[in-house]
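# Coordinate inspection notes
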Amino acid sequence: MVRLNMFLLLAVVICALGVVTSQHKARKLFQALEFEQDRAKQLDVEFGQLQLELSTWATPPRIEKIARDKLKMRTPDAAKVISATASIPAGGLSQ
Amino acid sequence: MMNFKGKKLAHKFAESPVLRLRLPAWRSRLMALLILGCFGVLLGRSFYLQILNTDFLQEKGDSRYRRDLEISASRGSVADRNGDVLAISTPMKSIWAIPADAKLTPQQTQQLAKLLEIDGKELARKLASDKSFVFLQRQIPPDVGEQVAALKLPGIGQNKEYRRFYPTGEMTAHIVGFTGVDDKGLEGVELAYQSQLLGHAGSRSVIKDRRGQIVEDVGSIKVPQDGKDIRLALDSKVQYLAYSQLKQAVADNEAKAGGAVVIDVKTGEILALANWPTYNPNNREHLSGAQLRNRAVTDTFEPGSTLKPFTIAQALESGKVRFDTIINCAPGHMTIGGATISDSHAHGALTVAQVIQKSSNVGAAKIAATLTPQQMWDMFDAVGFGQVSHLGFPGEVGGRLRPWKVWRPIEQATMSYGHGISVSLMQLARAYTVFAREGDLIPLSLTRSDALPLTGRPVFSQQTASEVRAMLEMAVQPGGTAPKAQIPGYRVAGKTGTAYKLENGQYAKKYVASFVGFAPASDPRLIVAIMIDEPGGAQHFGGDVAGPVFAGIMAGALRTLGIAPDVPVQVAQSPNAPVSKEKL
């Protein structure tokens, strides 16, 4: 009887410690999860800001300015454009 | 031994002399009753705490470790057809103070004012106010917010707020619109798609430990729903072309305002919509009504000659005239019911095709006279005039198309060349799809549609549509009203309009110059409609004012979209070189 009781007491103590450790581990993991979720959110925000920055840099007026002033680009004269598609309607200017 | 044993027995509890005393029975019963009573009290107390007062106590307990957190959701972004962002929300910080708690040293106040970029005295005044809550600065960048938090000032707090940015600024202001406080769309797409763009914040309740860290979730989590991203039909390169060319033209012609619309003929998608004057949606101080007006959609005007092709098409359709029927337009004016209509240049006998090419009012009126008012009304109605187009833009208008039963004879004549009827630029552009396509009218779309090319509602026969296309091509060629609308390498078809403006019921000496056209004429892909309000320079004719704008936008758009030329380029064919302005 005494032995059984001692055994049960031991079992209870072990279980109790198990509960405590697993609870502790769960909280640690939960905090890690929280941390990662926060980071994901921050990265999301940063992505939005980068998207904004990208589209601010890529506005057509800016591109045109750089192309014209810095790179000295210009539209080719229509006469110098060769179309790669061979089929030009035989009619041409019909009137 | 016996003695020892007997002694031991004498110590047995049962033989205790005390037990031999006969106590009155009520004493033990009283004790039992008292103890029972104590239990009763305990039971009652626990009943009171657990059942009667549980809500209050639970709340008190929760308030010590349980927190309800809001999970914010962001508003959806607006992008063009290629995914370039036109409007996006990003979180900012707002700094607030509880003046009663904010006891700052002058040095701290200085520090804070410097970070928030506000005047030190202004800040001190705000902190000294007797309100219970004041905003010190709204929508500051998150990194500045962190610096403020690092100062650890008492009574100063911050919360997250979203701010909307429009990287393309004034270029797309009218189509995208803007939002006010609380993410509420006020104009343009922001208003039209408000319910889809809006995000719904979620919430969760958590248990926090002594250090303020979240320990676990309790209860259910309400998942936040971010707003839906909207993908417009707009092409920002084409939009930029339309915007910059229009801006240039309004300045060159000293005009009051202008509008430009570009439509994809195959799908009905709106590729560009520009208005001048415009505004910067990122900084909306000193906004005037004129800047806010989305003219292409909300303003109607008497379109003038751009309506002639519809009259002619109806006459062709009902078999009253043929492509080459001769109409006598001499001597350049005619009188109907006491009113005189005239041509700006007198013409002699013209074919029906030349009436379009030369834009003769007299010719159009004579052709219209072969039609009944009801026929004309039905046709105008069928191409969408007088009806709101339901794009979802705020303030969309249907224009004016009076019922045919009340038309006077002169009205039928003037309507044939676009007076006495009013339309918006968007309606006009859409109506031209019947000529650019095979006689059918398609609905327009603000958002990108990946569906197959549409078939619309037939208005004219294919035969009529192709004949009118040929006439519209003549208008752009030498001898027509708009040689300046030519584009080297492409066949272009279009019609000019030069209309007098109505002011207080009288036609004033002010004009609206317009041009609507499409290209390549062999297989039309794009419709461009231009309207210039009150050109004040040397020229006011649609062909001179709006024609070059059309050519500039169309040439750039065709190249940007990679649409193949349909005519070999002759070197001599670029007198006004519309390709000089734009580069993209």
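Keep in mind that what you see is a predicted model, and the values were worked out from it rather than measured.

Turning our attention to the overall build of chain A. Helices and strands together make up the secondary structure of chain A, namely two helices and zero strands. Taken as a whole, chain A presents about 7,900 Å² of accessible surface, with 68% of it coming from carbon and sulfur.

Attention now goes to the overall build of chain B. The number of helices and strands found in chain B is 21 helices and 21 strands. Taking 25 Å as the expected radius of gyration for a compact globule of 584 residues, we find that chain B reaches 40 Å, considerably beyond that expectation. Evaluated residue by residue, chain B yields a buried proportion of 50% over its 584 residues. Restricting to contacts in chain B with at least 6 residues of sequence separation, those with at least 24 account for 71%. Entry remark: accessible area of chain B is about 28,100 Å², with carbon and sulfur atoms responsible for 54%. Across chain B, the centroid of the 66 positively charged side chains sits 11 Å from that of the 53 negatively charged ones.

So, on to the confidence of the model for chain B. All names here are of chain B. Residues of chain B with pLDDT of at least 70 account for 95%, and the chain-wide mean is 87. Looking at the elements of chain B, mean pLDDT is at its lowest for helix α1 (residues 2-10), recorded as 51, and at its highest for strand β21 (residues 526-533), recorded as 95. Across residues 571-584, where pLDDT falls below 50, the model places 37 contacts with residues more than four positions away in sequence or in other chains. Scoring of the predicted complex yields 0.80 for pTM and 0.74 for ipTM.

Right, let's talk about the sheet that holds strand β6 (residues 202-208) of chain B for a bit. Judged by pairing direction, the sheet is antiparallel, and its three strands sit side by side in the order β1-β6-β7 (chain B) without closing on themselves. Whereas interior strands pair on both sides, the edge strands pair on one side only; in this sheet they are β1 (66-71) and β7 (214-222) of chain B. For this sheet, the mean angle separating the axes of adjacent strands, direction not counted, is 30°. The strands that helix α1 (residues 2-57) of chain A touches are β1, β6 and β7 of chain B; relative to β7 of chain B, the one it contacts most, it runs at about 65°.

Our next topic: the nonpolar core. Residue and element names in this part refer to chain B. Within the largest apolar cluster, 79 residues are counted, with the highest numbers of intra-cluster contacts made by Phe310, Phe380, Phe385, Tyr432, Phe435 and Ile527. If we ignore the near neighbours within four places in the chain, the residues touching Phe385 are Leu307, Phe310, Phe380, Gly398, Leu401, Ile421, Val423, Gln427, Leu428 and Ala431. Grouped together as the second largest cluster of nonpolar side chains are 38 residues, Met171, Val238, Val250 and Ala485 included.

Turning our attention to the sheet that holds β21 of chain B. All names here are of chain B. Taken in spatial order, the five strands of this open sheet run β10-β9-β21-β20-β19, and their pairing is antiparallel. Looking along the sheet, the strands with just one partner apiece sit at the ends: β10 (270-276) and β19 (493-503). In this sheet, adjacent strand axes meet at a mean angle of 10° when their direction is disregarded. Where strand β9 (residues 257-264) meets β21, eight bridges bridge the pair, whose relative direction is antiparallel. Looking across to β21, one finds that Val262 is bridged to Val528. Contacts between helix α21 (residues 542-560) and the sheet are confined to β9, β19, β20 (506-519) and β21, with β20 contributing the most and set at about 25° to the helix.

All names here are of chain B. Inspection of the secondary structure puts Thr306 in the loop between β11 (300-301) and α13 (308-317). Expressed as a C-alpha distance, the spacing of Thr306 and Tyr417, which sit 111 residues apart in the sequence, is 7.4 Å. Beyond its immediate stretch of four places on either side in the chain, Thr306 contacts Leu428, Tyr432, Lys495, Thr496, Gly497, Ser514 and Val516.

Moving on to the pairing of β20 of chain B. Residue and element names in this part refer to chain B. Counted residue by residue, β20 has 10 buried out of 14 residues, so it is predominantly covered. As defined by bridge partners, β19 adjoins β20 across 10 bridges and the pair is classed as antiparallel. From the neighbouring strand, Ala499 faces β20, where its bridge partner is Val512. Hairpin connection from β19 to β20: two residues lie between these consecutive antiparallel strands, with Asn504 at a positive phi of about 50°. As paired elements, β20 and β21 share eight bridges and run antiparallel to each other. Along β21, the bridge assignment pairs Ala519 with Leu526.

All names here are of chain B. Across all of its chains, the model carries 26 salt bridges over all chains by this definition. The partner of Arg164 in a salt bridge is Glu190, and the shortest N-O contact between them spans 2.8 Å. Of this pair, Arg164 sits in strand β5 (residues 156-165) while Glu190 sits in helix α8 (residues 188-192); the two residues are 26 residues apart in sequence, bridging distant segments of the chain. The exposure class of Arg164 is buried, given its relative accessible area of 8%. Looking at Glu190, the relative accessible area reads 0%, which means it is buried. The shortest N-O distance in the salt bridge between Asp299 and Arg295 comes to 3.9 Å.

All names here are of chain B. Where α13 meets helix α15 (residues 361-368), the closest approach of the two axes is 9 Å, and the angle between their N-to-C directions is 35°. When the axes of α13 and α15 are compared, the crossing they make is left-handed. Counting all contacts with α13, which are made through Lys308, Thr311, Ile312 and Ala315, the residues of α15 involved are Asn361, Ala364, Ile367 and Ala368.

The rules we used
- Residues numbered from 1 in each chain as written.
- Chains lettered and ligands numbered in written order.
- Predicted model: local features only at pLDDT ≥ 70, side-chain atom pairs only at ≥ 80, totals over all residues.
- Heavy atoms only, no water.
- Helix = DSSP H or I, 4+ residues; strand = E, 2+ residues; numbered from the N terminus.
- Areas by Shrake-Rupley, 256 points an atom, 1.4 Å probe, with all protein chains shown as cover.
- Rg over C-alpha atoms; globule rule 2.2 N^0.38 Å.
- Buried < 20%, exposed > 50% of the residue type's maximum accessible area, 1.4 Å probe, protein only.
- Contact = heavy atoms within 4.5 Å.
- Lys, Arg positive; Asp, Glu negative; His and termini not counted.
- Charge placed at Lys NZ, Arg CZ, Asp CG, Glu CD.
- pLDDT = per-residue confidence, 0-100.
- Pairing = 2+ DSSP bridges.
- Axes fitted to C-alpha atoms, helices over the stretch in contact; angles between N-to-C directions.
- Core = buried A, V, L, I, M, F, W, Y, C linked by side-chain atoms within 4.5 Å.
- Salt bridge = Lys/Arg side-chain N within 4 Å of Asp/Glu carboxyl O.
- Left-handed = near helix turned anticlockwise from the far one by under 90°.

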